[in-house]
Amino acid sequence: MLAAALTALLLAQAQSAPRTVPGDTAGYWQQDVRYTIRAALDEPSGVLAAAGGIVYRNNSPDTLRAFYVHLYLNAFRPGSRWAESERREGVRRFGELPDPYHAFERLGRVSIDGASATPRYPFAPDSTVAGFDLPRPLAPGDSLVVDLEWQSRPSVIPRRQARAGRRFDFAQWYPKVVVYDRLGWQARPLYMAGEFYGEFATYDVSLDLAADQVVGATGVPVEGDPGWSGARATSSTPVTLQSDWYGDRAATGVLAQWGPAAPGRRRVRFHAEQVHDFAWTLNPDYVYEEGRFGSVVLRTLYLPQDGPTWGGGLVIERMARLLAWMDTIFGAYPWPQFTAVHRIEGGGTEFPMMVMNGGPGEGLIFHEGGHEYLYGILGNNEWKEGWLDEGFTNFQTAWNYQRRGIGGSSLATQQQILGMDLDGWSEPVATPAELFSDFGTYGRMIYTKGQLFFEMLRYVVGEDAMRRGLREYYARWKLRHVDEDAFRRAMEDVSRQDLGGFFAEWLHGTPLVDYALRDVRRQRTADGWLTRIEIERIGDGVMPVDIAVPLADTTLVVRARGIARREVVEVATAARPGRIELDPARQTMDWNYLNNREGPGREEHRLGWSARAPARRDRRVVNWLPLAWYNDVGGVTLGFQSRANYLGRFELSATQFTWPTGIGDEAVVGGGARGRPDYYLSFRNPVPGRAPRRQTELAGWWLEGRAGGRAAIEFDRSPRFGGPVRMSAGMDATVMAVTDARYLDRRRWADVNTAEVTAWGARAQEREAGAATARVEVTAGQSFWPETLPSPGWNFPATQWPTGRRLRGSAYARGLLDARREVRAGGFDLRFRAIAAGTLGGTRVPLQRRIFLGGADPYATFANPFLRSRGALFARGGVHYQAPGGLGLRGYAPVASATWGVALGAEAAWRVVERPTRRALTSVSLAAFADAALLDRAALGRGAALDAGVGIRAAHRIGPTRFVTRADFPILVARPRAAVAGAAGDGAFKFRWVWSLEEAF
Ligand SMILES: [Zn+2]
């Protein structure tokens, strides 16, 4: 057998003595692995038929009795742990992918030291790990030879590997030896969360391919033609094969032994050493470019249409810039070449000497290229300590950008993670990948919080020690397996700090940091000023805290240890210091920055749409907006509002002051309401009352003839951060009193006061094909009218209140059940809604609390100044605005109401224009709809209602605000007198129209 002959040859070359190791690598060992593979690809079936030998030398102190390989491609097929983890997340990708679209990797004949071996699959039905019992125990220092035949096929749905026509991205395509390290065999199935772990090895891979294919691969071509010369971007593009990089490999004559290729086929052999994986890619249309960074050849293989984005040296330049940066922070790149290819899938994946990227961007090249060091050369266990590659390469990318002044600020990143920390969604960064609660949490913790960990480490040890520590880490551990201990000890040795607490806190815990400036005293002394600064540690997180002490021409920064609950720092200065500030560079993840400054906290004031107001990490943002609207009572109404936020989620106060000018209000009997100012005040989520996943609100208003208040609390009860199910529940108490009945549209709102308590729950599930939502709401209410005031003309019985005071009024109740389903299919959006709503209390239910047929009830539209009062701009006759809500019978006038109703709505919209979402107009759809309801007979004189028609919708955005303009034409309305703009004598069929700035449901 060829494989046996080759493996014998390679065995003879195997290193016989373990290398000596410096520093804390004493006692470290890693196994010695050599792969010799020969494979032929059948393009039409996508199947690679391969045979190979693995020579494995046991450098561990243990005697091995078993042997394991990964068959990773078996993850991308039904029955795998991967497919199962997708199903738990509501993702349907590989679990139902049929043959011949899914991937596979099937072992054929296997022998170990010449004895036939049968695989077992310890995680069956998953087959990403195959185990073998060894025919004889493998003692320390002893070697074995495994010969295998297998077939593998990439999947048509790309995931770090793929096939598409004649394009192939071959990754994880061969039986890959499972790492045996000091913790034993690392035989872990492949899950959706988490990546790989490989033994550093020698790969000798011979490929038999269609003659016109262009190949990119780990390693260098040592025999045959990879097809680059014929694919050169220009005739002057150099092609450097580097075939002699590893010595005279071609002399082994593997291709000559294999024999000549069939007609129309070509063979090429690649060789790589000291890499823990081998990937390759094929595309007959690849364009080849080459460059250099020192002795490293840079290659890129891109698509013919990529010339302007990848070509002309653009990507090569970025690769060189990345390698230069990595060289500065770690050390020399040890391999001959670095290739970037335009792969089938978007995003990017790293392989030794090669990145497969979906785009040419600098950020992606820095992230994936950084993995050459942080995974490739410093080979961490990716599923176990993903932060050590993903967080680390995110960090180096951001660091480079920060130094170049082209971004990379971590403030927004901090905010994202603080949101999860504050809501209790964060999980320890060092959690093994598939043990995170969900994929979303895994991604945020490993990539994002992992990045912040390195930024905080740089802050703790200082930039100089950070740089020296990274170089020390690299010098000790390049081309070896690394872990948290290896990294921490390198940083500790260089910084001479005990970093155990810091690593434990940020990698194995989920701390919340909050330091407050408690007291500052400045004292004159004989030779200047002594300032005594007292800080308090409020959070459970411990970080050293920089304290900025501003002087006339400079700012002094002193550092508090941050360990004690209260700590006093004294600073002697010649001049009197200005305002003291904690953590001025915002590097401690201190979540509440509002208590970090002396004196009044700085606020940022802005003018404009509040939706555009940023959420700031370090200060409250207050957004001001002038207001103007009209109604028939106050006339033209002018005013302003302010909305504030801190961190996008706290201190969400809203203030509104408005003055009815009376201009244009002549229509009102008895004169308008000019001159009396109105207000609306609301306070949400104050910092002091913070609790995870809880929101609170207190609001009060004196507004267009109504006074009231509201207290509300809301809980996010979602089972997981990453979805797909979101659940919430809440309660609120609302009082609404009428102070000036002239503002009321008496067809919708009676001159009666109410006090209500509502409890609600909601559930939303995002599915592949569209969302499903449900909401239930129960309200208990009391209407009242003080007996001392004139009767509102409403027939109420008297009620004895506990205070002994007699009020006119009545108890009532409301209930609502609303379920919706959205289905996206091709260019169609299908929407369905079912609603059941009703009241208890019969005719004593105040008019404004009945169930409205045509849309939202008056309390729901009270928040909208264009709908709130009589004669408001959208509430006027002839405007035909439809506010979604109520029973949703959009063809009926907004004044029609019932005591109960059960309604169904359906809408099909066909997207005729679709444009990128960043454009102002993103889509235009044509729609058909039908709404039907059963309701109490008294409402319309008949127990049923129905409308149907066609419509048109346009989706837009203005800045960050997305909205829809909707026009519906309910051509058919049963009980046409109650229809929108209905009149006596109307027929069921008639041209009618309504419009809205919201979807119908
Ligand atoms: Zn990555």
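Residues numbered from 1 in each chain as written. Predicted model: local features only at pLDDT ≥ 70, side-chain atom pairs only at ≥ 80, totals over all residues. Heavy atoms only, no water.

Novice: Can you walk me through the pattern of salt bridges in this structure?
Specialist: Where charged atoms of side chains with opposite charge meet at close range, the side chains can pair. All chains considered together, the criterion is met by 73 salt bridges. Of the charged contacts in the structure, one is a salt bridge between Arg 153 and Asp 99, with a shortest N-O distance of 2.7 Å. Of this pair, Arg 153 sits in strand β7 (residues 143-153) while Asp 99 sits in the loop between α2 (81-88) and β4 (104-112), placing them 54 residues apart in sequence. For Asp 740, the salt bridge goes to Arg 742, with nearest N and O atoms at 2.8 Å. According to the relative accessible area criterion, Asp 740 is buried, its value standing at 10%. The network of salt bridges with shared partners includes Arg 831, Arg 890, Glu 907, Asp 931, Arg 953, Arg 966, Asp 968 and Glu 999. (Salt bridge = Lys/Arg side-chain N within 4 Å of Asp/Glu carboxyl O. Helix = DSSP H or I, 4+ residues; strand = E, 2+ residues; numbered from the N terminus. Buried < 20%, exposed > 50% of the residue type's maximum accessible area, 1.4 Å probe, protein only.)

Novice: Can you help me understand helix α8 (residues 390-404) in this one?
Specialist: Given 3.6 residues to a turn, an α-helix orients residues that are three or four positions apart in the same direction. If you check α8, its first and last C-alpha atoms are 21 Å apart, about what 15 residues at 1.5 Å a residue would give, namely 21 Å. When you tally the buried positions in α8, you get 12 out of 15 residues, the bulk of the element. Buried within α8 are the following residues: Glu 390, Gly 391, Phe 392, Thr 393, Asn 394, Phe 395, Gln 396, Thr 397, Ala 398, Trp 399, Asn 400 and Tyr 401. Looking at the residues trailing α8, positive phi occurs at Gly 405, about 70 degrees. (Expected span 1.5 Å × (residues − 1).)

Novice: Honestly, the packing of helix α10 (residues 439-461) against helix α11 (residues 463-477) in this entry has me stumped. Any pointers?
Specialist: For any two helices packed against each other, the geometry is given by the interaxial angle and the distance between the axes. Running from amino to carboxyl end, α10 crosses α11 at an angle of 115 degrees, the nearest separation of the two axes being 6 Å. Where α10 approaches α11, its residues Phe 454, Leu 457, Arg 458 and Val 461 are matched on the opposing element by Glu 463, Ala 465 and Met 466. Each residue belonging to the contact of α10 with α11 can be placed in one class, and the counts come to five nonpolar, no polar and two charged. (Axes fitted to C-alpha atoms, helices over the stretch in contact; angles between N-to-C directions. Contact = heavy atoms within 4.5 Å. Nonpolar A, V, L, I, M, F, W, Y, C, P; charged D, E, K, R; others polar.)

Novice: Just to check I follow, could you spell out the pairing of strand β28 (residues 555-560) for this structure?
Specialist: Two faces make up the sheet, and in a regular strand the side chains alternate between them. Pairing of strand β27 (residues 545-550) with β28 involves six bridges; the strand directions are antiparallel. Bridging across to β28, Asp 546 finds its partner in Arg 559. Hairpin geometry of β27 and β28 is characterised by an intervening segment of four residues between the two adjacent antiparallel strands. (Pairing = 2+ DSSP bridges.)

Novice: Would you take a moment to explain the coordination of the zinc ion for this structure?
Specialist: Ideal values differ by geometry: the angle at a metal is 109.5 degrees with four tetrahedral donors, but 90 or 180 degrees with six octahedral donors. With distances of 1.9 to 2.7 Å, the protein atoms coordinating the zinc ion are His 367 (NE2), His 371 (NE2), Glu 390 (OE) and Glu 390 (OE). In the primary structure, the donors to the zinc ion are separated according to the pattern H-x3-H-x18-E. Of this pair, His 371 sits in the loop between α6 (362-370) and α7 (372-377) while Glu 390 sits in helix α8, and the two are 19 residues apart along the sequence. In this structure His 371 comes out as buried when scored by relative accessible area, which is 0%. We classify Glu 390 as buried; its relative accessible area is 2%. (Donors = N, O, S within 2.8 Å, 3.2 Å for Na, K, Ca; no water.)

Novice: Please clarify how the sheet that holds strand β10 (residues 176-177) should be interpreted in this entry.
Specialist: Hydrogen bonds along the backbone pair up the strands of a sheet, which may run parallel or antiparallel. Pairing is antiparallel across the open sheet formed by three strands, whose spatial order is β6-β3-β10. This sheet does not close on itself; its edge strands, each paired only once, are β6 (129-138) and β10. Looking at chain direction, strand β3 (residues 64-70) and β10 are connected through two bridges and run antiparallel. Note on β10: the bridge partner recorded for His 70 is Lys 176.

Novice: Just to check I follow, could you spell out the confidence of the model for the chain for this structure?
Specialist: One rule of thumb: low pLDDT means the predicted coordinates there are not for detailed reading. A residue-level look at the chain finds 94% of positions with pLDDT of 70 or above and a mean pLDDT of 92. Here residues 1-22 scores under 50 on pLDDT; set against residues more than four positions off or in separate chains, the count is 35 contacts. For the stretch residues 789-798, pLDDT sits under 50, and the model shows 24 contacts to residues farther than four places along the chain or on other chains. (pLDDT = per-residue confidence, 0-100.)

Novice: Help me understand the packing of α6 against α8, please; the structure alone is not making it clear to me.
Specialist: The interhelical angle for the contact between α6 and α8, taken along N-to-C directions, is 135 degrees, at an axis separation of 8 Å. Classified by the interaxial angle, the pair formed by α6 and α8 is oblique. Crossing geometry of α6 relative to α8 is assigned as right-handed. Here Glu 362, Gly 363, Phe 366, His 367 and Gly 370 of α6 come into contact with α8, specifically with Glu 390, Thr 393, Asn 394, Gln 396, Thr 397, Asn 400, Tyr 401 and Arg 404. Grouping the constituent residues of the contact of α6 with α8 by class yields two nonpolar, eight polar and three charged. (Parallel < 35°, antiparallel > 145°, perpendicular 65-115°, else oblique. Left-handed = near helix turned anticlockwise from the far one by under 90°.)

Novice: When you look at empty space enclosed by the protein in this model, what are you seeing that I'm missing?
Specialist: Which parts of space are left empty comes out when a probe the size of a water molecule is rolled across the atoms. Within the structure shown, the criterion is met by five cavities of 30 Å³ or more. Reported here for the second largest cavity is a volume of approximately 50 Å³. (1 Å grid on protein atoms, 1.4 Å probe; cavity = no way out; pocket = protein on both sides within 12 Å on 5 of 7 lines; lining within 4 Å. Points joined across faces, edges and corners; volume = space filled by probe spheres on them.)

Novice: How do you make sense of the packing of aromatic side chains when you look at a structure like this?
Specialist: Given two aromatic rings, one states the distance between the centres and the angle between the planes to describe the pair. Counted according to the given criterion, the structure contains 62 aromatic pairs. Aromatic pair Phe 487 and Phe 503: ring centres 6.0 Å apart, planes at 45 degrees, arrangement tilted. Here the residue Phe 487 occupies a position in helix α12 (residues 484-495), and Phe 503 occupies one in helix α13 (residues 500-508), the gap between them amounting to 16 residues. On the accessibility criterion, Phe 487 (0% relative accessible area) is buried. When its relative accessible area of 0% is taken as the criterion, Phe 503 is described as buried. The cationic tip of Arg 106 hangs over the ring face of Phe 104; the distance from NZ or CZ to the ring centre is 3.8 Å. (Phe/Tyr/Trp six-rings, centres within 6.5 Å; stacked < 30°, edge-to-face > 60°. Lys NZ or Arg CZ within 6 Å of the ring centre and 35° of its normal.)

Novice: What's the story with the nonpolar core in this structure? I'm lost.
Specialist: Nonpolar side chains in soluble globular proteins tend to end up buried together. Core analysis: the biggest nonpolar cluster contains 179 residues, and Trp 173, Trp 280, Phe 330 and Phe 487 have the highest contact counts within it. Considering every element that reaches this core, the biggest residue donor is α10, with 11 residues. When residues no more than four places from it in sequence are discounted, the contact partners of Phe 330 are Tyr 373, Leu 374, Leu 378, Phe 392, Leu 470, Arg 471, Tyr 473 and Tyr 474. By size, the runner-up hydrophobic cluster in this structure holds 17 residues, among which are Ile 835, Ala 837, Val 973 and Ala 978. (Core = buried A, V, L, I, M, F, W, Y, C linked by side-chain atoms within 4.5 Å.)

Novice: When you look at the layout of surface pockets in this model, what are you seeing that I'm missing?
Specialist: Space inside the second largest pocket adds up to approximately 700 Å³. What lines the second largest pocket is a set of 40 residues, among which Asp 745, Arg 747, Ala 875, Pro 894 and Val 895 lie closest to the centre. Taken together, the residues of the lining of the second largest pocket break down into 20 nonpolar, 10 polar and 10 charged.

Novice: Explain α13 here, please?
Specialist: Burial in α13 covers these residues: Phe 502, Phe 503, Glu 505, Trp 506 and Leu 507. Where α13 is buried, its residues meet α10 and α12.

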